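These are the residues of each chain, in order.
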Amino acid sequence: FSPQLLGITRIVIGLLFLEHGTAKVLNFPHAAEAAPRVFDIMAWPAGPAGIIELVAGAMIVLGFFSRWAAFIASGEMAFAYFLAHAARSPYPLLNGGGEAICFCFIFLYLAAAGPGSFAITSSWIYSSGWRRMISMLGWSSPPRPANIECGTGLNWIAISERRAVMRLPVRR
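Fair warning: this is a prediction, and the values are worked out from it, not measured in the lab.

Asker: Can you walk me through the environment of Pro92 in this structure?
Answerer: Here Pro92 lies in helix 4 (residues 92-95). Expressed as a C-alpha distance, the spacing of Pro92 and Tyr81, which sit eleven residues apart in the sequence, is 9.1 Å. When neighbours within four sequence positions are excluded, Pro92 is seen to be in contact with Tyr81, Gly97, Gly98 and Ile101.

If you want it as structure tokens, here you go:
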């Protein structure tokens, strides 16, 4: 059940990260003691951080380019820890940076491990259902990536796209 647990972890962590982004950008959920404010993208560092948290959080939840989104989110959390938390105290318990450290390393793991199950990935683009939908609309479908095999000790390279195989001579 490893891919399924990885997918559930990605979704839950992504939702938690998305919540931080919606709080900064959309002012939702609104904290009871906080004064209402208007989002300013130029406010440093809350403006760019809010955009990264909103966009990357949504991409991580959906599993759409989640490796890239998790890598960027990991960098943002490392930057946030050293910019906002580490200056107060070297201890995460005292400086309030424990959540930033956890986000940083969980996102770094997701960037390395991949999205797991329940993800919209680029392989969906090349599925047969997608190709049928594109052809019904009259558009041209994206080219299917070729599988390339190099023969060891042989003088040929096999390039296969779907079922067709073409052998090309190789000069040494």
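Asker: What's the story with the nonpolar core in this structure? I'm lost.
Answerer: Inside soluble globular proteins, nonpolar side chains tend to come together where they are buried. Counting residues in each nonpolar core, the largest one holds 16 residues, and the members touching the most others are Phe17, Ile60, Ala70, Ala73, Met77, Phe103 and Phe107. It is helix 5 (residues 98-113) that provides the largest number of residues to this core, a total of six residues. The residues contacting Phe17, other than those within four sequence positions of it, are Ile52, Glu53, Ala56, Gly57, Ala73, Glu76, Met77, Phe103 and Phe107.

Asker: Sorry, what's going on with the packing of helix 3 (residues 66-85) against helix 5 here?
Answerer: Working note: a packed helix pair is described by the angle between its axes plus the distance between those axes. One way to put it is that helix 3 packs onto helix 5 with a least axis distance of 8 Å and a crossing angle of 160°. For the element pair helix 3 / helix 5, the angle class is roughly antiparallel. As helix 3 packs across helix 5, the resulting crossing turns out to be left-handed. Here helix 3 contributes Arg67, Ala70, Phe71, Ala73, Ser74, Met77, Ala78, Tyr81 and His85 to the contact with helix 5, which in turn contributes Ala100, Ile101, Phe103, Cys104, Phe107, Leu108, Leu110, Ala111, Ala112 and Ala113. When its residues are assigned to classes, the contact of helix 3 with helix 5 shows 16 nonpolar, two polar and one charged.

Asker: So what exactly am I meant to see when it comes to the pattern of salt bridges here?
Answerer: Pairs can form between side chains of opposite charge whenever their charged atoms are close. According to the stated counting rule, one finds one salt bridge in the structure shown. Measuring nitrogen to oxygen at the nearest pair gives 2.9 Å for the salt bridge that ties Glu53 to Lys24. One end of the pair, Glu53, is in helix 2 (residues 46-62); the other, Lys24, is in helix 1 (residues 2-25), with 29 residues separating them in the sequence. Under the relative-accessibility criterion, Glu53 is labelled buried at 3%.

Asker: Hey, could you run me through the side chain of His85 in this one?
Answerer: With respect to the secondary-structure elements, His85 resides in helix 3. Residue classification places His85 among the buried positions, given a relative accessible area of 16%. Apart from residues no more than four positions distant in its own chain, His85 is found in contact with Ala80, Asn95, Gly96, Gly97 and Ala100.

Asker: How do you make sense of the side chain of Ser74 when you look at a structure like this?
Answerer: Within the secondary structure, Ser74 is located in helix 3. With relative accessibility at 4%, the residue Ser74 sits in the buried group.

Asker: What's the story with a nonpolar patch on the surface in this structure? I'm lost.
Answerer: A surface patch of nonpolar side chains, about 670 Å² in accessible area, is lined by Phe1, Leu5, Ile8, Val12, Leu16 and Phe118. With respect to the helices and strands, Ile8 occurs in helix 1. With a relative accessible area of 44%, Ile8 lands in the partly exposed category.

Asker: How should helix 1 be read in this particular structure?
Answerer: Residues lying three or four places apart along an α-helix face the same way, a consequence of the helix completing one turn every 3.6 residues. Taking 1.5 Å of rise per residue, 24 residues should cover 34 Å, and helix 1 covers 34 Å from first to last C-alpha, within 8% of that figure. Leu6, Gly7, Arg10, Ile13, Gly14, Phe17, Leu18, Gly21, Thr22 and Val25 are the residues of helix 1 that are buried. Structurally, helix 1 contributes buried residues whose contacts are with helix 2, helix 3 and helix 5. Taken from the residues just after helix 1, Asn27 is the one with a positive phi, measuring 60°.

Asker: I tried to follow the layout of surface pockets on my own but got confused; where do I start?
Answerer: With a probe scaled to a water molecule rolled over the atoms, the places where space remains empty come into view. Each pocket or cavity is described by its volume, and for the largest pocket that value is around 410 Å³. Along the walls of the largest pocket sit 21 residues, with Lys24, Glu53, Glu76, Met77 and Ala80 positioned nearest its centre. Listing elements by their share of the lining of the largest pocket, those giving two or more residues are helix 1, helix 2, helix 3 and helix 5. Across the lining of the largest pocket, the residue classes break down as 14 nonpolar, three polar and four charged.

Here is what the cut-offs are and how they apply
Residues numbered from 1 in each chain as written. Predicted model: local features only at pLDDT ≥ 70, side-chain atom pairs only at ≥ 80, totals over all residues. Heavy atoms only, no water. Helix = DSSP H or I, 4+ residues; strand = E, 2+ residues; numbered from the N terminus. Contact = heavy atoms within 4.5 Å. Core = buried A, V, L, I, M, F, W, Y, C linked by side-chain atoms within 4.5 Å. Buried < 20%, exposed > 50% of the residue type's maximum accessible area, 1.4 Å probe, protein only. Axes fitted to C-alpha atoms, helices over the stretch in contact; angles between N-to-C directions. Parallel < 35°, antiparallel > 145°, perpendicular 65-115°, else oblique. Left-handed = near helix turned anticlockwise from the far one by under 90°. Nonpolar A, V, L, I, M, F, W, Y, C, P; charged D, E, K, R; others polar. Salt bridge = Lys/Arg side-chain N within 4 Å of Asp/Glu carboxyl O. Patch = residues over 30% accessible without salt bridge, like charges linked within 9 Å, V, L, I, M, F, W, Y side chains within 5 Å. Areas by Shrake-Rupley, 256 points an atom, 1.4 Å probe, with all protein chains shown as cover. Expected span 1.5 Å × (residues − 1). 1 Å grid on protein atoms, 1.4 Å probe; cavity = no way out; pocket = protein on both sides within 12 Å on 5 of 7 lines; lining within 4 Å. Points joined across faces, edges and corners; volume = space filled by probe spheres on them.

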